[in-house]
Amino acid sequence: MQWIAPSEKDTATDALEKRLWDAADQLRANSGLNAAQYSTPVLGLIFLRFADVRFAKIRAGLEKMASSSRRGSRVDEPAAYHAEGVLYLTPNARFEKLLHLPEGSNAGKAINEAMRDIEKHNPQLAGVLPKTYEIFNSTLLKELLKRVSEIPATIDYDAFGRIYEYFLGEFARTEGQKGGEFYTPSGIVRLLVEVLEPYHGRILDPACGSGGMFVQSARFVAEHKKNPSSELAIHGQEKVAATVALCRMNLAMHGLEGDIKEAITYYEDLHNSTGRFDFVLANPPFNVNAVDKERLEAEVGKGRRYPFGVPRTDNANYLWIQLFYSTLSANGRAGFVMANSASDARSSEQEIRKQLIEARAVDVMVAVGPNMFYTVTLPCTLWFLDKGKQKTPRADKVLFLDARHIYRQVDRAHRDWTEGQIGFLANIVRLYRGEEPDFTLGGPEAEAKLKEVFGKKVKFTDVPGLCKAATLKEIEAQGWSLNPGRYVGVAPGEAVSDEDFKEQLETLNEELETWNAQARELEQTIAHNVAEILEA
């Protein structure tokens, strides 16, 4: 099915985000600093502006209370701010003070000291905030402070978060491949979250980057009229210390706290996670090689981190997939991004995939087209696991969704999804599960498309070119493949696209190689047997 939405911009916040980014990027171009040196300090200034706006609001309330109370003022007590979920700022750490530093003063030193002060009085941020502002010259810093001050104090906290996320995304785009290590485009994350529906519970991202999965999960809870801080317990692991700091700053930016630890997840499980989490969301690095499998041996086997064994190939995809599965509680759900190759991988990886399917854990597979990521053009697949489905009528089925031709073209090299498209795709999954549609995301656009495809009395049915609920027998007949293209087919009247043709050709070529390999083995066996007979 094809649904290409028209490009659309600019709402007020979009315009503000872009204006701020263009200014900041222009300043960087004239600074001699590279994107990696520049990115975290700029995010730190946006963070400081946000913290200052929230602080000022609470301070005004405390001052008003102090004037009408006999119990004394709490205006300068950090605990009074922490009780409201707000950071306490000393006079030296307040944005206005930094914005109006005297002529000739050392702005870099002043901002570094402000960041240290914030960490001192807000222990949850210890070691998190950037303190490299002295590599900037004072003129550049003052110009940056002036630009960031253009973010109105009146905009809501969610808009601040969107500005922060916009900058994260733009820095990811600027930093190229390295950017992909800390940022997953928000459309991908929103679909993962909409399908998982993390209303309440413990949530883990074992490759958490800058924390986008947590932010979108919190947004989902807030959109459904609940308080994310009381509904979600956030846990994460990330191997790069600077990215751990970025994640913790992003959480604080959105009024969230989480237990984020620095670790290499293959070898270290600092959250003692096996069987403990209600939700797992992740975008792990694809096709990693050179994992030391000897270090994993104690964690292999039923009830452990790698319950289905270690793949013989030098590729970590099926290590990640098993980690996501083993982390889930009895009714836990996981959603993650994975390389397309994992859906059809052969040999020992095929055996692990077979066990995972037979465990009735694989729930939904979504094929995603190319150019959805800033750093790679390749298509990918979204996997959804659900341990609770074993007790449902869909226990022996897997839903396959082909979303490769559903997108909005942002620019020549990048695509994303509209809210309507995300809502449409998520509601197909809800129909398959026997749940009521939820149009909180996507609204009338998603509802209209759902009725157009599934009828006015919307009810799940297989739709050629879009979706199919395949049985385990059908999956077994396809060599335990989890590639949606093998099951969904093409809609009547639709031509096979170049992308689809290439994928089908690759699949046929793989099958041919398998048959050829088996033929060579048979040829050797026959030759050996004939030789033995002749020698007898």
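Residues numbered from 1 in each chain as written. Predicted model: local features only at pLDDT ≥ 70, side-chain atom pairs only at ≥ 80, totals over all residues. Heavy atoms only, no water.

A.B. asks: Would you mind showing me how to read the overall build of the protein here?
C.D. replies: Looking only at helices and strands, one finds 18 helices and twelve strands in the protein. Rg of the C-alpha trace for the protein: 26 Å, near the compact-globule value of 24 Å for 536 residues, within the 12% margin. Overall size of the protein, expressed as C-alpha extent along the three principal axes, is 105 × 60 × 50 Å. Sorting the 536 residues of the protein into buried and exposed places 52% on the buried side. Sequence separation of 24 or more characterises 72% of the internal contacts of the protein that already satisfy a separation of 6 or more. For the protein, the computed accessible surface area is about 24700 Å², with 51% contributed by carbon and sulfur atoms. (Helix = DSSP H or I, 4+ residues; strand = E, 2+ residues; numbered from the N terminus. Rg over C-alpha atoms; globule rule 2.2 N^0.38 Å. Buried < 20%, exposed > 50% of the residue type's maximum accessible area, 1.4 Å probe, protein only. Contact = heavy atoms within 4.5 Å. Areas by Shrake-Rupley, 256 points an atom, 1.4 Å probe, with all protein chains shown as cover.)

A.B. asks: Help me understand helix α5 (residues 107-121), please; the structure alone is not making it clear to me.
C.D. replies: One turn of an α-helix holds 3.6 residues; hence residues three or four places apart share an orientation. In a regular helix each residue adds 1.5 Å, so 15 residues correspond to 21 Å; α5 covers 21 Å between its end C-alpha atoms and thus fits that length. Every buried residue of α5 is listed here: A107, G108, A110, I111, N112, A114, M115, I118 and E119. Summarising the contacts, the buried residues of α5 are in contact with α2 (35-67), α4 (95-99) and α6 (138-148). For α5, the N-terminal capping position is held by N106, with its side-chain oxygen 3.2 Å away from the main-chain nitrogen of G108. (Expected span 1.5 Å × (residues − 1). Polar contact = N/O pair within 3.5 Å; in protein donor to acceptor, adjacent residues only side chain to side chain.)

A.B. asks: Sorry if this is basic, but what is going on with the environment of M372 here?
C.D. replies: Counting through the fold element by element, M372 comes out in the loop between β7 (362-368) and β8 (380-386). Taking the C-alpha atoms as reference points, M372 and L62, separated by 310 residues in sequence, lie 46 Å from one another. Once residues within four sequence positions are removed from consideration, M372 is found in contact with P185, I188, R415, D416 and W417.

A.B. asks: I would appreciate a short explanation of the pattern of salt bridges in the present structure.
C.D. replies: Two side chains carrying opposite charge are able to pair once their charged atoms lie near each other. Taken as a whole, this structure holds 31 salt bridges when the rule is applied. One salt bridge connects E150 with R147, and the closest N-O pair in it is separated by 3.4 Å. Since its relative accessible area comes to 32%, R147 is described here as partly exposed. Of the charged contacts, one joins E447 and K451 as a salt bridge, the two residues approaching to 3.4 Å between their closest N and O atoms. Placement of both E447 and K451 in helix α15 (residues 443-454) is noted, with a separation of four residues, approximately one turn of the helix. One salt-bridge network, in which partners are shared between bridges, spans E194, E197, R333, D363, D386, R394, R430, R433 and E435. (Salt bridge = Lys/Arg side-chain N within 4 Å of Asp/Glu carboxyl O.)

A.B. asks: Which parts of the structure should I look at to understand the packing of aromatic side chains?
C.D. replies: Both the distance between ring centres and the angle between the ring planes are used here to describe each pair of aromatic rings. The tally for this structure, following the rule as stated, stands at 21 aromatic pairs. Aromatic pair W3 and F424: ring centres 5.6 Å apart, planes at 75 degrees, arrangement edge-to-face. With W3 in strand β1 (residues 3-5) and F424 in helix α14 (residues 419-433), the pair connects residues that are 421 residues apart, well separated along the chain. Residue classification places W3 among the buried residues on the basis of a relative accessible area of 11%. (Phe/Tyr/Trp six-rings, centres within 6.5 Å; stacked < 30°, edge-to-face > 60°.)

A.B. asks: I tried to follow the nonpolar core on my own but got confused; where do I start?
C.D. replies: It is characteristic of soluble globular proteins that their nonpolar side chains tend to be buried jointly. The biggest cluster of nonpolar side chains holds 61 residues, and the ones touching the most others in it are Y38, L144 and F167. Within the residue set of this core, elements represented by two or more residues are α1 (12-29), α2, α3 (78-82), α4, α5, α6, α7 (157-174) and α11 (241-253). With 13 residues, α2 is the single largest residue contributor to this core. The contacts of Y38, once residues within four sequence positions are left out, are A24, L27, R28, L33, F136, L140, L144 and F171. In this structure, M213, F220, Y407 and V463 belong to the second largest nonpolar core, which totals 55 residues. (Core = buried A, V, L, I, M, F, W, Y, C linked by side-chain atoms within 4.5 Å.)

A.B. asks: What's the story with the packing of helix α8 (residues 186-196) against helix α9 (residues 212-223) in this structure? I'm lost.
C.D. replies: The geometry of a pair of packed helices is captured by two quantities: the angle between their axes and the separation between those axes. At a minimum axis distance of 9 Å, the contact between α8 and α9 shows a crossing angle of 55 degrees. On the basis of their axis angle, the class for α8 and α9 is oblique. Remark: the crossing between α8 and α9 carries right-handed chirality. Between α8 and α9, the contacting residues are S186, V189, R190, L192, V193 and E194 on the first element and G212, M213, Q216, S217, R219, F220 and E223 on the second. When grouped by side-chain class, the residues that make up the contact of α8 with α9 number five nonpolar, four polar and four charged. (Axes fitted to C-alpha atoms, helices over the stretch in contact; angles between N-to-C directions. Parallel < 35°, antiparallel > 145°, perpendicular 65-115°, else oblique. Left-handed = near helix turned anticlockwise from the far one by under 90°. Nonpolar A, V, L, I, M, F, W, Y, C, P; charged D, E, K, R; others polar.)

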